Amino acid sequence: MTTTVQRLSQLNFASLSPAGGLFPSLIAWEDQAFYFLMLDRFSDGRENGYKDNEGNLVRSGTTPAYSHAGAENAVKTEADAARWREAGVKYVGGTLKGLESKIGYLKRLGVTALWISPIFKQVRFRETYHGYGIQNFLEVEPHFGSREDLREVVRTAHANGIYVVLDIILNHAGNVFSYSGEQDRPWTGEMYPVEGFNDKNGNPTIPFAKPDPQNPPDYDGALFPVELQDPDTFTRKGYIKNWDYDPEFREGDFFDLKDIDHGYGSADDYQVSPALRHLCEAYKYWIAYADIDGFRIDTVKHMDMGATRYFVSVIREFAQSIGKENFFLLGEITGGRKRAYETLELTGLSAALGIDDIPDKLEYLVKGYRNPNDYFSLFRNSELVNKGSHIWFRNKVVTSFDDHDQVRKGNQKARFCADAHASKVALNVLALNALTLGIPCIYYGSEQCFDGRGGSDRYIRESMFGGEFGAFRTRGLHFFDEDHPVYRELAKILEIRRQNIVLRRGRQYLRSISDPDDGVRFSLPEMVGGQIRSLVPWSRIFNGKEVLLAINTDYDQPRTAWVTVDNELHWAGDGLKCLYSTDAAQIGQSVTVEARNGKAVLITVPAAGFVIFE
């Protein structure tokens, strides 16, 4: 039975821990393979013909699996297409129970850390299915389930060796109050008057004041916990227009999501507001209650450095006090590499999400439209990083190529596979992400080659379980296909990564190549005429051991080249064995090290393929 919690004063952390104790923290987050999902779009638990957590085929569901015959079944007429598009901005129906039923799907893929979009209760009068419009920081959104359901997801994930990271928001609450009079309230630096807290219908009928303890407002209106129902909780300065002007981007509302006042001052002398202290207590609650292993913190750019540092310190100390020594704190830090680096160093966050242009270089290198060195040089030492970059980037950056916002693509948002024939190299981009520096993160559906075609963010948030807004412009078909070739091959690659510390922690080097009939003149692979159709090799080296990897950006032809390897780690005549290839016949074969450009091997990579040699 769920007990309503309205006040922080009702919490008793000592009594919250799950039976059997808390799941211990891991040692090294860089060893993990992350998977990010939007809860509303992942699973409703009604699918038929998928494998359950034990690997048994489920035949009791009502939603059939997708087949090519069902492609675009939701857009056969303009009326149907309009219905499908409209469904994309509303709740579709994913639940925590549905997610729990797919933990086996994730485990068999090779996922070891699960990042879940915000699960907290949203305002009642908006379809904020994404979870970023919070009305109650102490309750689960009813569309998703209950607090007990969350606890069960985490328990099942832990039983399958998967850590759980919750997406949280400190910067703002949902649209919980209305400004007085004219509703167009852009940031000017001045405070605006407020008419009242919004009730469950979105009307400002609740007094914008501290509540009467004996008569709190309706549980579906205002903002909870009750301690946050204070005018001083909010900056009240209107919405952001200039997203790069400081202090506007720190003080302004995030569209209609109301900015929370965290305090003031420098990072070293920050004066913390009561609101930030209350939020710290609320998020401690979720760690203790649900046995959470980490937080992904939204919109860190829009927070004071001092506020982020305070939250990181409080949460890390609390987690350590209950036995979670290495609680993960991942910051979404937009604004470029310099800001991300400085924020990490100043605040103590564990890692940053997708620094700078990593996603762009990942995607378009694999598609053949970026120089390999443009991607690999992102991880090199520099004056900015000012330290051994192999160490810093290995565990300080979570990398991905697709996500739920795609700010980098402006009004042309689409997933990797939206481009013609890009599904041919979908495995390559997943492999490049997983087996180069950083903590790799898979965006849900990438393993099923979702295309996200449409232009706005709704289309890159399609539903895995079908419903009214299924992927590939479908309705009523699910996509939990463990026989999909990309799912199947990625699972093999992630298992090789799991077993090989070199691929998780090793230093990284882009390798020079030479034509197979040359073997004398070597250079880094690079674009010619605006594109590159070539073998692109790199090495990972750890404790005297080298693993050589390569993708082929030529979609149609295999490519062969001499590839440089470490001169000190190999002798002429040594052999490197193929651990993996997209051409199964190549696995187990060996190539011979020769004295060329120091040392080199002659390797072939299948068309649009990927290989690993050891």
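Please read these numbers as outputs of a predicted model, since none were measured by experiment.

*Asks:* Just checking my understanding: could you explain the overall build of the chain for this structure?
*Replies:* Regarding its fold elements, the chain presents 14 helices and 23 strands. The C-alpha atoms of the chain give 25 Å as radius of gyration, which agrees with the globular expectation for 614 residues (25 Å, within 12%). Taken over the C-alpha atoms alone, the chain extends approximately 85 × 55 × 50 Å along its principal axes. A fraction of 71% describes how many contacts in the chain between residues 6 or more apart in sequence connect residues 24 or more apart. Surface accessibility of the chain: about 23,600 Å² in total, with carbon and sulfur atoms responsible for 47%.

*Asks:* So what exactly am I meant to see when it comes to the packing of helix α7 (residues 305-321) against helix α8 (residues 337-347) here?
*Replies:* The angle between the axes and the distance between the axes are what describe a pair of packed helices. At a minimum axis separation of 9 Å, α7 and α8 run at an interaxial angle of 50°. With respect to α8, the axis of α7 lies oblique. Like other packed secondary-structure pairs, α7 and α8 cross with a definite hand, here right-handed. Residues Met-305, Thr-308, Arg-309 and Val-312 of α7 lie in contact with α8, whose contacting residues are Thr-343, Leu-346 and Thr-347. Classifying every residue of the contact of α7 with α8 by side-chain character gives 3 nonpolar, 3 polar and 1 charged.

*Asks:* I'm lost on the sheet that holds strand β16 (residues 513-514) in this one. Help?
*Replies:* Pairing between sheet strands relies on hydrogen bonds along the backbone, with the strands arranged either parallel or antiparallel. Spatially, β16-β19-β22 is the arrangement adopted by the 3 strands of the open sheet, whose pairing is antiparallel. Every interior strand has two partners, whereas the edge strands, β16 and β22 (599-605), have only one. Where β16 lies against strand β19 (residues 559-565), 2 bridges are found, and the strand directions are antiparallel. Across the sheet, residue Ile-513 finds its bridge partner in β19, namely Val-563.

*Asks:* So what exactly am I meant to see when it comes to the domain arrangement of the chain here?
*Replies:* Interfaces are often sized by the amount of accessible area the parts lose when they come together. Its domain assignment divides the chain into domain 1 (8-170 + 262-367 + 398-498), domain 2 (174-223 + 236-259) and domain 3 (506-613). The C-alpha centroid of domain 2 is placed 27 Å from the C-alpha centroid of domain 1. Counting from both sides, the interface comprises 18 residues of domain 1 and, opposite them, 21 residues of domain 2. Buried surface at the junction of domain 1 and domain 2, both sides included, amounts to about 1,500 Å², of which 51% is carbon and sulfur. When the buried area of domain 1 at its contact with domain 2 is split by residue, Phe-125, Gln-135 and His-302 rank highest and sum to 39% of it. Put simply, domain 1 and domain 2 have 4 salt bridges between them. One salt bridge in this structure joins Lys-121 and Asp-220, with 2.6 Å as the shortest N-O distance.

*Asks:* Honestly, the pairing of strand β14 (residues 439-443) in this entry has me stumped. Any pointers?
*Replies:* The side chains of a regular strand alternate between the sheet's two faces. Of all 5 residues that make up β14, 5 are buried, and the element is covered over most of its length. By the alternation rule, side chains of β14 split into Ile-439, Cys-441 and Tyr-443 and Pro-440 and Ile-442, which are all buried. Of the strand pairs in this sheet, strand β13 (residues 397-399) and β14 are connected by 2 bridges, and their pairing is parallel. Bridged to Val-398 within β14 is Ile-439.

*Asks:* Please explain helix α6 (residues 274-290) as it appears in this structure.
*Replies:* Because each turn of an α-helix spans 3.6 residues, side chains separated by three or four positions in sequence point in the same direction. With 17 residues, α6 extends 25 Å between its outermost C-alpha atoms, agreeing within 8% with the 24 Å of an ideal straight helix rising 1.5 Å per residue. Extensive coverage of α6 is indicated by the burial of 13 of its 17 residues. Phi turns positive one or two residues past the end of α6, at Asp-291, with a value near 65°.

*Asks:* Would you mind showing me how to read the environment of Trp-562 here?
*Replies:* Counting through the fold element by element, Trp-562 comes out in strand β19. The class for Trp-562 is buried, based on a relative accessible area of 5%. When the C-alpha positions of Trp-562 and Ala-422 are compared, they lie 27 Å apart, and in sequence the two are 140 residues distant. At 3.2 Å, the side chain of Trp-562 and the backbone oxygen of Pro-516 are in polar contact.

*Asks:* What is the right way to read helix α1 (residues 78-87) from this model?
*Replies:* Among the residues of α1, those classed as buried are Ala-81, Trp-84 and Ala-87. Buried residues of α1, seen end-on, are gathered within an arc of 125° and therefore sit on one face of the element. Facing away from the buried surface of α1 by more than 90 degrees, the exposed residues are Glu-78 and Ala-79.

*Asks:* Looking at this structure, I do not really get the environment of Phe-327. What am I missing?
*Replies:* Looking at the element boundaries, Phe-327 is found in the loop between α7 and β11 (328-331). The class for Phe-327 is buried, based on a relative accessible area of 1%. Along the primary structure Phe-327 and Gly-174 are separated by 153 residues, whereas in three dimensions their C-alpha atoms are 27 Å apart. In this structure Phe-327 touches Ser-25, Ile-287, Ile-292, Asp-293, Gly-294, Phe-295, Ile-315, Arg-316, Ala-319 and Ser-350, once residues within four positions along its chain are discounted.

Here is what the cut-offs are and how they apply
Residues numbered from 1 in each chain as written. Predicted model: local features only at pLDDT ≥ 70, side-chain atom pairs only at ≥ 80, totals over all residues. Heavy atoms only, no water. Helix = DSSP H or I, 4+ residues; strand = E, 2+ residues; numbered from the N terminus. Rg over C-alpha atoms; globule rule 2.2 N^0.38 Å. Contact = heavy atoms within 4.5 Å. Areas by Shrake-Rupley, 256 points an atom, 1.4 Å probe, with all protein chains shown as cover. Axes fitted to C-alpha atoms, helices over the stretch in contact; angles between N-to-C directions. Parallel < 35°, antiparallel > 145°, perpendicular 65-115°, else oblique. Left-handed = near helix turned anticlockwise from the far one by under 90°. Nonpolar A, V, L, I, M, F, W, Y, C, P; charged D, E, K, R; others polar. Pairing = 2+ DSSP bridges. Domains from an automatic or database assignment. Buried area = accessible area lost by both parts, 1.4 Å probe. Salt bridge = Lys/Arg side-chain N within 4 Å of Asp/Glu carboxyl O. Buried < 20%, exposed > 50% of the residue type's maximum accessible area, 1.4 Å probe, protein only. Expected span 1.5 Å × (residues − 1). Polar contact = N/O pair within 3.5 Å; in protein donor to acceptor, adjacent residues only side chain to side chain. Arc of directions from axis to C-beta.

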